[in-house]
Amino acid sequence: MKSLQGYDKNLVLKMYEGMLRIRIFEENQSKVFRAGEQEGFTHLSIGQEAIPTGVCLNLNKDDYITSTHRGHHHMIAKGGDLNRMMAELYGRKTGYCMGRSGSLHIADFSIGVLGANGIVGDGNPIAMGAAYSIKLRKTKQVAVSFFGDGASNQGTFHESINMAAAWDLPVVFVCENNMVACGVRTADVCKALKNIGDRAIGYGIPGFNIDGNDVVEVYETAKTAIERARRGEGPTLMNCMTTRQHPHWEGDKDVRTKEEVQEQLQRDAITGMEKRMLEAGMISEQEIKATKERIQKLVDEALEFARKSPKVGREDALKFVYAE
Amino acid sequence: MATLMYRDAINQAMIEEMKKDDNLFLIGYDVGKYGGEFQLSHDMYNMFGELRVRDAPISEQGIIGCAIGAAITGCRAVADIPFSDFMAMCMDQVVNQAAKFHYMFAGQAKVPIVVMTAIGGFIQAGPQHSQSLEGWFTGIPGLKTVAPATAYDAKGLMKTAIADPNPVIFVTHKGLYAMKGEVPEKEYTIPFGVADVKKKGKDVSLFTYSLMVHKSLSVASKLEKEGISVEVVDLRSLYPLDKKAILASVKKTGKAVIVHEAPTTGGFGGEIAAIIADEAFKDLKAPIKRVGAKWSVLPFVSALENEILPGEDDIEQALRAVLKG
C-alpha cells in the first residue's frame, strides 16, 4: 500500500470513517444475530468495507447501485440510514422494507440503492438496465453493480457486461473477490480467479485487478471508471481482491482453515488504513479512539431505535403484492 | 372499424403507447431492423430509433434484467421473448426479480414491464418451440398474465398491460398472429380481469383462452345446428381472473368444460375447475370436464403432434359427455 503522504486529508478521513461505520455496524450485527435477536439469515461484510466505501465516495445521491446478499456495506456506503437498516434487520415496521426483506433484500430507492439481492449474479443485469434507463432518459447518472467472485461465474455476468459494452452504457461492474463462493473456494472452480478483471478484454472494455482492501486504490480506480461512465464512454470491470473475515452467513461453518482466515486478517482494510494515517500524521491514536466511540454511539442508537420500534402486524402481510 | 391482423393490432398498440411516452422502449432479439421474429414490431425501428426499439443479443436474462432495471428507474419496457419455451431462459429474472420487487421493497419499486411471449403448437415446430407454458406464470404472485384471442382484445389488453405498474406476461399464440379481426380506429383499452362471453349459450359453459377460443367457437357453432347451445367464455386474463363471470355462467348452465392447449395435468384449467367445484358445486348438474394436451413432449411431425394437442373433436366429445350428465 502506498503512503498517504500528500493525499487529501479530508478525503482520507471520509474513507476511514466510512469503513468504520460499516465495521462497527457489522460487529454489532454479528453480536445481536448470534444472540438470537433476529430471524432469518445474515451475511456480514466484515473485511470488505473498503470496496463500497471507495466506490461510493465517487457517487452522487441519485446514482444507482445494485447490491448482493452480502449487502450491508453497500447500503451504508451509499448513505443508508442506520436506524431504518437496523429496524429492517429486526423485521420492524419502521424498517426499510417493513419486514419484507430483512438482511437479504434491503433497499433504499431514495438514495439509489436498487436492492440487495438474494440471487447470486442478478444485480448485474438490473444495474445494466438502470444504465440503459439513464441513457434513455439522457441524465448524467451512473449505475454501479457490486457482485462477488461467485457471481462472476453466472451467465448474467456475461450477458450484462456484453450488453453494457455493446451499447456503451454508464455502468461500472465491481467484483468483490473474496475468493470463496458459499463454501467453495473459487480457485477450485475458476482458473483465473485473481484476474477476473482481465475478462474485460473479451468485451472490449477497460478492466482492473486491484487490492480491494486498499480503499485509496479502490477510490482512484472507481473514479476513473465512474468518470468514464459519466462521459458516456461505457462500462468498466473492476476486480477487487478482498477478504471475507466471517463465514458465508453468520453461524455457518467455514471451509477455510484458521490459518487461511488468520492470514487474511493481516490484510485488514481498516487496521491497514489506521497505520497509514498514523504514519502520514493525519490522525492520532486518540482521534482514532474518539472516532470509533462516536460511530459506536450511532450504532447503539440504531439498535435502540430498532428494538423499540413496533413489530409488524399480520394485517400487513398481503400489502404490496401488486402496485396500484 | 378497420380489419386488422392480430399481430398488427399489437403493433398498433405499441406504437400508440410509444408515441405517448418517450421513456417506453421495446427490447428483444429481432425487434428492430428485422421487425420482430413474428413481425410484431414492424416499422417501429424506423419510427423510434435503435435506443427505443432495441435489438438485443440472444441473452434472455439480460433482456429481462435490462427491462427491470430500466423500469425501476423511471422507464417502461416491453420485452419480446418470441417463444414461451424461451421463457425458461429468463424465468429467474421474471420470478425472482420482477415479481418480487414491489412486495420485497415494501412498495419502493414498481416494475412496469410487459413480457410478450407466444405459446402454441400446430406449426410443426417441435419440442422446444411449441409449448404452452402460461400456467407456469399464473403460479407466481406478483405477476399478471393475459392471453388474448382476437385482434380487438390483443390491442386493448396490450395498452392496459403497458400502462400497468406491475410486470405483465402478455401471452400471444403463433396461430393467432395472422388472424384478422375488427379493431376500432378510436382509442380504447380493455381492463384486466374481465372475461368476454364470445358466444352466449344456455346448455353448457365452455371456459377457454387464446387460440382455443376459436376452436371452441367452431365446435359451438357446429353443435348449434343440432340445437345445443354452448356458452363460450373467453377468460382473456388469467391473473387477475374473472371469477364472477365463471360462476355466473355455471349458475346459468350448470355444466362446465374447460379447454386449453397446455397439458391437462398441471394446467390452468385445474384452477378453474377447483374454483367451480369450490364455489358453484350446488349449481353443477354434471361433472366438470377438462380438455388439454396429452401428457407428452410435443413432437415435430403433424401426425404425432395432432394426436397430442387438443383438437375440435376432443372439445366436441367433452361437451357431449358433459351434456349427457
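Residues numbered from 1 in each chain as written. Chains lettered and ligands numbered in written order. Predicted model: local features only at pLDDT ≥ 70, side-chain atom pairs only at ≥ 80, totals over all residues.

Enquirer: I would appreciate a short explanation of the overall build of chain B in the present structure.
Expert: Counting its secondary structure elements, chain B contains 12 helices and 14 strands. Within the span of chain B, comprising 325 residues, buried residues form 60% of the whole. Long-range contacts, defined as pairs at least 24 residues apart, comprise 79% of the intrachain contacts of chain B with a sequence gap of at least 6. (Helix = DSSP H or I, 4+ residues; strand = E, 2+ residues; numbered from the N terminus. Buried ≥ 20, exposed ≤ 12 C-beta atoms within 10 Å, placed from the backbone. Contact = placed C-beta atoms within 7 Å.)

Enquirer: Can you walk me through the overall build of chain A in this structure?
Expert: Of regular secondary structure, chain A possesses 11 helices and 7 strands. Its C-alpha atoms put chain A at 55 × 50 × 40 Å along the principal axes. In chain A, buried positions account for 54% of the 324 residues.

Enquirer: Would you take a moment to explain the packing of helix α5 (residues 123-137) of chain A against helix α6 (residues 155-166) of chain A for this structure?
Expert: Residues and elements named next belong to chain A. Relative to each other, α5 and α6 sit at 15°, their axes nearing to 8 Å. When the interaxial angle is binned, α5 and α6 end up roughly parallel. Relative to α6, α5 is oriented so that their crossing is left-handed. Across the interface between the two elements, Asn 124, Pro 125, Met 128 and Ala 131 from α5 touch Thr 156, Phe 157, Glu 159, Ser 160, Met 163 and Ala 164 from α6. Considered class by class, the residues forming the contact of α5 with α6 number 6 nonpolar, 3 polar and 1 charged. (Axes fitted to C-alpha atoms, helices over the stretch in contact; angles between N-to-C directions. Parallel < 35°, antiparallel > 145°, perpendicular 65-115°, else oblique. Left-handed = near helix turned anticlockwise from the far one by under 90°. Nonpolar A, V, L, I, M, F, W, Y, C, P; charged D, E, K, R; others polar.)

Enquirer: Hey, could you run me through the interface of chain A and chain B in this one?
Expert: The interface of chain A with chain B comprises 33 residues on the first partner and 35 residues on the second. Taken together, the elements giving at least two residues each to the side of chain A that touches chain B come down to α5 and α6 of chain A. In terms of residue count, the dominant contributor to the side of chain A that touches chain B is α5 of chain A (11 residues). Taken together, the residues of the side of chain A that touches chain B break down into 19 nonpolar, 9 polar and 5 charged.

Enquirer: It is not clear to me how the nonpolar core should be interpreted in this structure. Could you clarify?
Expert: In globular proteins that are soluble, nonpolar side chains generally tend to be buried together. If you look at the biggest cluster of nonpolar residues, it comprises 196 residues, and the most contacted ones within it are Val 172 and Met 238 of chain A together with Ala 67 and Ala 79 of chain B. Counting only domains with at least three residues in this core, you end up with domain 1 (2-183) and domain 2 (196-324) of chain B. In this view, Ala 79 of chain B contacts Ile 27, Gly 28, Ile 63, Ile 64, Ala 67, Ile 113, Val 115 and Met 116 of chain B; residues no more than four positions away in its chain are not counted. (Core = buried A, V, L, I, M, F, W, Y, C linked by C-beta atoms within 7 Å. Domains from an automatic or database assignment.)

Enquirer: Could you clarify how one ought to interpret the packing of helix α9 (residues 243-253) of chain B against helix α10 (residues 269-279) of chain B in this entry?
Expert: Residue and element names in this part refer to chain B. At a closest axis distance of 10 Å, the pairing of α9 and α10 adopts a crossing angle of 60°. Classified by the angle between their axes, α9 and α10 sit oblique to one another. Of the two elements, α9 crosses α10, and the hand of that crossing is right-handed. In contact with Lys 243, Ile 246, Leu 247 and Val 250 of α9, α10 contributes Ile 272, Ile 275, Ile 276 and Glu 279.

Enquirer: Could you clarify how one ought to interpret the domain arrangement of chain B in this entry?
Expert: Interfaces are often described in size by the accessible area the parts lose on coming together. Residue and element names in this part refer to chain B. What the domain assignment lists for chain B is domain 1 (2-183) and domain 2 (196-324). Once you take the C-alpha centre of each, domain 1 and domain 2 turn out to be 26 Å apart. Secondary structure elements with two or more residues in the side of domain 1 that touches domain 2: α6 (134-138), β6 (144-146), α7 (151-163) and β7 (168-173).

Enquirer: Got a minute to help me understand the sheet that holds strand β9 (residues 196-199) of chain B in this structure?
Expert: Hydrogen bonds between backbone atoms are what pair the strands of a sheet, whose relative direction is either parallel or antiparallel. Residue and element names in this part refer to chain B. With mixed pairing, the 5 strands of this open sheet are ordered in space as β9-β11-β10-β13-β14. Either end of the sheet is taken by a strand with one partner, and the two such strands are β9 and β14 (289-293). The sheet shows a mean angle of 25° between the axes of neighbouring strands, direction not considered. Judged from the 3 bridges that link them, β9 and strand β11 (residues 230-234) form a sheet pairing that is antiparallel. Along β11, the bridge assignment pairs Val 197 with Val 233. Docked against the sheet, α10 engages β10 (204-208), β13 (256-263) and β14, running at close to 160° with respect to β13. (Pairing = 2+ DSSP bridges.)

Enquirer: How should I be thinking about unusual backbone geometry in this particular structure?
Expert: As a rule of thumb, non-glycine residues mostly have phi less than zero, and peptide bonds are mostly trans rather than cis. For the bond running from Tyr 239 of chain B to Pro 240 of chain B, omega is 0°, close enough to zero to count as cis. Assignment of secondary structure puts Pro 240 of chain B in the loop between β12 (237-239) and α9. The residue Met 98 of chain A is not glycine, and still its phi comes out positive at about 50°. Relative to the elements of secondary structure, Met 98 of chain A occurs in the loop between α4 (82-89) and α5. When the 20 C-beta atoms within 10 Å are taken as the criterion, Met 98 of chain A is described as buried. Positive phi is not limited to glycine here, since Arg 236 of chain B has a value of about 65°. Its location among the elements puts Arg 236 of chain B in the loop between β11 and β12. Residue Arg 236 of chain B is classed as buried on the basis of its C-beta count, with 28 C-beta atoms lying within 10 Å.

Enquirer: How should I be thinking about the sheet that holds β12 of chain B in this particular structure?
Expert: Residue and element names in this part refer to chain B. One open sheet accounts for 7 strands, arranged β3-β2-β4-β5-β7-β6-β12; its pairing is mixed. Each edge of the open sheet carries a strand with a single partner, namely β3 (53-55) and β12. Going from strand to strand, the sheet's axes swing by 20° on average, the running direction of each strand aside. The sheet strands contacting α7 are β2 (24-28), β4 (76-83), β5 (113-119), β6 and β7, and the helix crosses β7 at an angle near 160°.

Enquirer: Sorry if this is basic, but what is going on with α7 of chain B here?
Expert: Note: α-helices contain 3.6 residues per turn, so residues at a spacing of three or four share the same orientation. All names here are of chain B. Along its 13 residues, α7 runs 19 Å from first to last C-alpha, staying within 8% of the 18 Å computed at 1.5 Å per residue. A large share of α7 lies buried, amounting to 12 of its 13 residues. When α7 is considered as a whole, its buried residues turn out to be Ala 151, Tyr 152, Asp 153, Ala 154, Lys 155, Gly 156, Leu 157, Met 158, Lys 159, Thr 160, Ala 161 and Ile 162. (Expected span 1.5 Å × (residues − 1).)

Enquirer: Just to check I follow, could you spell out the environment of Arg 294 of chain A for this structure?
Expert: Residue and element names in this part refer to chain A. Here Arg 294 shows up in helix α11 (residues 285-308). Judged by local crowding, Arg 294 falls into the exposed class, with 12 C-beta atoms found within 10 Å. Considering only alpha carbons, one finds Arg 294 and Val 142, 152 residues apart in sequence, at a separation of 32 Å.

Enquirer: When you look at the environment of Gly 267 of chain B in this model, what are you seeing that I'm missing?
Expert: Residue and element names in this part refer to chain B. Locating Gly 267 in the fold gives a position in the loop between β13 and α10. For Gly 267, a count of 22 C-beta atoms within 10 Å gives the class buried. Between the C-alpha atom of Gly 267 and that of Asp 278, which follows or precedes it by 11 residues, the distance is 18 Å. Residue contacts for Gly 267: discarding those within four places in its chain leaves Gly 135, His 260, Ala 262 and Gly 292.

Enquirer: How do you make sense of the pairing of β4 of chain B when you look at a structure like this?
Expert: Along a regular strand, successive side chains alternate from one face of the sheet to the other. Residues and elements named next belong to chain B. When you tally the buried positions in β4, you get 8 out of 8 residues, the bulk of the element. Bridge count for β2 against β4 is 4 bridges, and the pairing is parallel. Within β4, the residue paired with Leu 26 across the bridge is Val 78. Pairing geometry for β4 and β5, over 6 bridges, is parallel.

Enquirer: What exactly am I supposed to notice about the environment of Arg 320 of chain B here?
Expert: Residues and elements named next belong to chain B. For Arg 320, the position within the fold is in helix α12 (residues 312-324). By C-beta crowding, Arg 320 is classed as partly exposed, having 16 other C-beta atoms within 10 Å. Linking Arg 320 and Asp 242, residues 78 residues apart in sequence, is a C-alpha distance of 26 Å.

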